[in-house]
Amino acid sequence: MPRIHCPLPLTTGQALDLPAGAARHVQVLRAQPGDTLTLFAGEPGAGEFEATVTRMGRSEVQVLVGAHRAVEREAPRAIHLLAGIIANERMDWLVEKATELGAASFTPLLAARCVLKLKGERSERKLAHWQAVAVAACEQSGRNGVPPVHEAASLAQWIKANPHPPVAAVATPLRLLLSLQPDARPLREAAAGDAAVWLLSGPEGGLAPEEEAAARGAGFLPVTLGPRVLRAETAPLAVLAALLV
């Protein structure tokens, strides 16, 4: 049964005109009246709904919302990615696969060594594109909670907006930094337990020394995945797989 993201309040028995993006998706699938779909609003905890296509117009699709299913497929641990922007389609691939593996959110990092530079209208287009990639990955993987793609920020901007909480603070996410430095701790040792995690990873070439120093000063603990050097799009996925799968 096709899964369609429908970011609207959904209620059993509701006759609903699908929003434009969802309607286009259903039309591409060549659905016909009487065909059934699964709709999800994208909010964690909202579950999903069965729906039946009742009308196919030239540009609009109407459905009748059916039974609600309180199904959740979210990861048991929230891991938020603060990832250096990487070039070409590899950032798309990272967002797609990280969504499938259960990442809770994404913040594209405007790091010093980023090849792709974002600002203004181009940044808005890219963020909308990456959010659409995350939506499509949820449709495919069965997730009902769509991870948000936050506004791109430099590490200094992110740290200013998210100062390191006091050591005695309760239920604060761990801050982990993928690092090649010799003092980095093994991931599983540093990330033991089930606390939420902010995972910082760099772009091609890694973080600049001053960025890594700033991250450590903001409470990020350096961690390693072993002796091999992984690509910028591979390393965060390895962390997600190790901690969530």
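Above: the structure in question.
We now turn to the structure provided with this report. (Residues numbered from 1 in each chain as written. Predicted model: local features only at pLDDT ≥ 70, side-chain atom pairs only at ≥ 80, totals over all residues. Heavy atoms only, no water.)

Moving on, we get to the layout of surface pockets. Put simply, the largest pocket is a space of about 480 Å³. What lines the largest pocket is a set of 25 residues, and nearest its centre among them are Leu178, Ser179, Leu180, Gly206 and Leu207. Elements that contribute at least two residues to the lining of the largest pocket include exactly α6 (209-217), β11 (221-224) and α7 (235-244). When grouped by side-chain class, the residues that make up the lining of the largest pocket number twelve nonpolar, eight polar and five charged. In this structure, the second largest pocket spans a volume of roughly 180 Å³. (1 Å grid on protein atoms, 1.4 Å probe; cavity = no way out; pocket = protein on both sides within 12 Å on 5 of 7 lines; lining within 4 Å. Points joined across faces, edges and corners; volume = space filled by probe spheres on them. Helix = DSSP H or I, 4+ residues; strand = E, 2+ residues; numbered from the N terminus. Nonpolar A, V, L, I, M, F, W, Y, C, P; charged D, E, K, R; others polar.)

Attention now goes to the sheet that holds β11. Spatial ordering of the open sheet is given by β7-β6-β10-β8-β11-β9, a layout of six strands whose pairing is parallel. A single partner strand is all that each edge strand has here, and the edge strands are β7 (105-109) and β9 (185-186). With two bridges connecting them, β9 and β11 associate as parallel partners. Counted as the bridge partner of arginine 185 is valine 223 from β11. Sheet contacts for α7: β6 (79-84), β8 (174-178) and β10 (197-201); angle to β6, the most-contacted strand, approximately 170 degrees. (Pairing = 2+ DSSP bridges. Contact = heavy atoms within 4.5 Å. Axes fitted to C-alpha atoms, helices over the stretch in contact; angles between N-to-C directions.)

Running from N to C, helix α2 (residues 90-101) and helix α3 (residues 120-141) cross one another at 40 degrees; their axes reach a closest spacing of 8 Å. In this structure, α2 crosses over α3, and the sense of that crossing is right-handed. Where α2 approaches α3, its residues Met91, Asp92, Val95, Glu96, Thr99 and Glu100 are matched on the opposing element by His129, Trp130, Val133, Ala134, Ala137, Cys138, Gln140 and Ser141. Broken down by class, the residue content of the contact of α2 with α3 amounts to seven nonpolar, four polar and three charged. (Left-handed = near helix turned anticlockwise from the far one by under 90°.)

Our next topic: the side chain of threonine 99. Along the chain, threonine 99 turns up in helix α2. A residue is classified by how much of its surface remains accessible, and threonine 99, at 0% relative accessible area, is buried. Among residues more than four places away in sequence, those in contact with threonine 99 are Phe106, Ala134, Ala137, Cys138, Arg143 and Pro147. (Buried < 20%, exposed > 50% of the residue type's maximum accessible area, 1.4 Å probe, protein only.)

Strand order in this open sheet of five strands is β1-β3-β4-β5-β2, and the pairing throughout is mixed. The sheet is open, and its two borders are formed by β1 (3-5) and β2 (15-17), each paired with just one other strand. Strand-to-strand twist across the sheet, computed as the mean angle between neighbouring axes with direction ignored, equals 40 degrees. Pairing of strand β4 (residues 48-56) with strand β5 (residues 61-69) involves seven bridges; the strand directions are antiparallel. Across the sheet, arginine 55 pairs through a bridge with glutamine 62, a residue of β5. The strands touched by helix α1 (residues 20-28) within the sheet are β1, β3 (36-40), β4 and β5, with β1 carrying the most contacts at an inclination of about 155 degrees.

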